[in-house]
Amino acid sequence: MSVLASPPPAGPGVHPPFPAPPVEGRGKRIGLGFGIAGGIALLVCGGGVAALFGLATAMDNAINEQADVVVTRYMDAVQDRDFAKAYDLLCEDSQAEEGRVEYSARMSSTETVRDFAVGDVDLTYGTVPVNVTYADGDTAVLKAELAQNTSTGAFEVCGVGE
């Protein structure tokens, strides 16, 4: 009986039946892939942070603009000594605490406002600083207290004081 022996190994110059996987440049390609993936992740996350920052800035500007309009209308009425109009601009709680006649009498006894400048909203306390110059030249920094109207969502002045 004869035993079949395996064929002798191929000599030099014989090609394997399949190509060998490339070896050179493998680390470079992996590093490049991670670099590109990291860059894309940075762009996406950075864009999200930039979008949130832009949204927060826009909301802050909108709140300041709304508060500025409301406080300016109220202070214009006080400056013009149109206390009926100023009373109508007060929030419901302030109107409930003090009637129109009492408010007008109290405001008539105050010093005349010559000029004023409205500052930015302090959202922590719901106030807006108002730099006031009176007719006699005295100045003061008053705080306008704000509240939101529950039915409209608009800001309203609840009072101005030191």
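For the structure, see preceding data.
Here the residue index of a chain counts from 1 through its sequence in written order. It should be noted that, the model being predicted, local features are given only for residues of pLDDT at least 70 and side-chain atom pairs only at 80 or more, the latter also being counted only at that level, while totals for whole chains, interfaces and linings use all residues. For the side-chain quantities, the full set of heavy atoms in the structure was used; hydrogens and water were omitted.

**Q** Pulling in residues and values, what's your account of the overall build of the chain?
**A** For the chain, the helix and strand inventory stands at four helices and four strands. What counts as a helix is a DSSP run of H or I of at least four residues, what counts as a strand is a run of E of at least two, and both are numbered from the N terminus. Helices (α) and strands (β) of the chain occur, in sequence order from the N terminus, as α-α-α-α-β-β-β-β. For the chain, buried positions account for 22% of its 162 residues. By the convention used here, residues are in contact when the closest approach between their heavy atoms is within 4.5 Å. Of the contacts formed within the chain by residues at least 6 apart in sequence, a portion of 38% connects residues at least 24 apart. Reported accessibility uses the Shrake-Rupley method at a 1.4 Å probe radius. Residues are deemed covered only where the shown protein chains occlude them. When the accessible surface of the chain is split by element, carbon and sulfur atoms take 61% of a total near 11600 Å². Exposure is judged per residue with a 1.4 Å probe applied to protein chains only, and the accessible area is read against the type maximum: over 50% gives exposed, under 20% gives buried, and values in between give partly exposed.

**Q** Outline the state of the cysteines, supporting the account with residue identities and numerical values.
**A** Whenever a pair of cysteine sulfur atoms sits within 2.5 Å, that pair is classed as a disulfide. Following the criterion strictly, the structure yields one disulfide and no others. Sulfur-sulfur distance for the disulfide between Cys91 and Cys158 comes to 2.1 Å. Between Cys91 and Cys158 the sulfur-sulfur dihedral comes to about 130°; the bridge is accordingly right-handed. Of the two residues, Cys91 sits in the loop between helix H2 (83–88) and helix H3 (92–97) while Cys158 sits in strand S4 (residues 155–161), which places them 67 residues apart along the sequence. Overall, the relative accessible area of 3% leaves Cys91 in the buried class. The exposure class assigned to Cys158 is partly exposed, which follows from its relative accessible area of 21%.

**Q** Before we move on, could you go through the environment of Asp115 and cite the residues and values that matter?
**A** Secondary-structure assignment places Asp115 in strand S1 (residues 113–118). Distance in space between the C-alpha atoms of Asp115 and Tyr134 is 6.8 Å, their sequence separation being 19 residues. Once residues lying within four places of it in the same chain are set aside, the contact partners of Asp115 are Gln79, Asn131, Val132 and Thr133.

**Q** Give a detailed account of the nonpolar core, specifying residues and quantitative values.
**A** Nonpolar cores are built from buried Ala, Val, Leu, Ile, Met, Phe, Trp, Tyr and Cys residues. Side-chain atoms within 4.5 Å join them into one set. Counting 26 residues, the largest nonpolar core has Val71, Tyr74, Tyr103 and Val132 as its most contacted members. When contributions to this core are tallied by element, the ones reaching two or more residues are helix H1 (26–79), H2, helix H4 (100–108), S1, strand S2 (127–134), strand S3 (139–148) and S4. For this core, the leading source of residues is H1, giving seven residues. In this view, Tyr74 contacts Ala86, Leu89, Leu90, Tyr103, Met107, Val157 and Val160; residues no more than four positions away in its chain are not counted.

**Q** Account for the packing of aromatic side chains, with residues named and values stated.
**A** The rule is short: rings of Phe, Tyr and Trp, with Trp giving its six-membered ring, pair when the centres are within 6.5 Å, and they are stacked under 30 degrees, edge-to-face over 60, tilted in between. Inspection of the entire model under this criterion finds one aromatic pair. Ring geometry for Tyr87 and Tyr103: centres 5.5 Å apart, planes at 50°, overall tilted. In this pair, Tyr87 sits in helix H2 while Tyr103 sits in helix H4, placing the two residues 16 residues apart along the sequence. In this structure, Tyr87 and Tyr103 share a single accessibility class: buried.

**Q** Kindly report on unusual backbone geometry, identifying the contributing residues and their values.
**A** The phi angle at Arg81 is positive, at roughly 60°, despite the residue not being glycine. Relative to the elements of secondary structure, Arg81 occurs in the loop between H1 and H2. Judged by relative accessible area, which is 29%, Arg81 ranks as partly exposed.

**Q** Please provide a residue-by-residue account of the sheet that holds S1, values included.
**A** Any two strands between which DSSP finds at least two bridges are classified as paired. An order of S1-S2-S3-S4 is seen for the four strands of this open sheet, with the pairing classed as antiparallel. Only two strands of the sheet have a single partner each, and these edge strands are S1 and S4. Across the sheet, the mean angle from the axis of one strand to that of its neighbour is 35°, orientation sign disregarded. Note on geometry: axes are lines fitted to C-alpha atoms, helical ones only across the stretch in contact, with angles between N-to-C directions running from 0 to 180 degrees.

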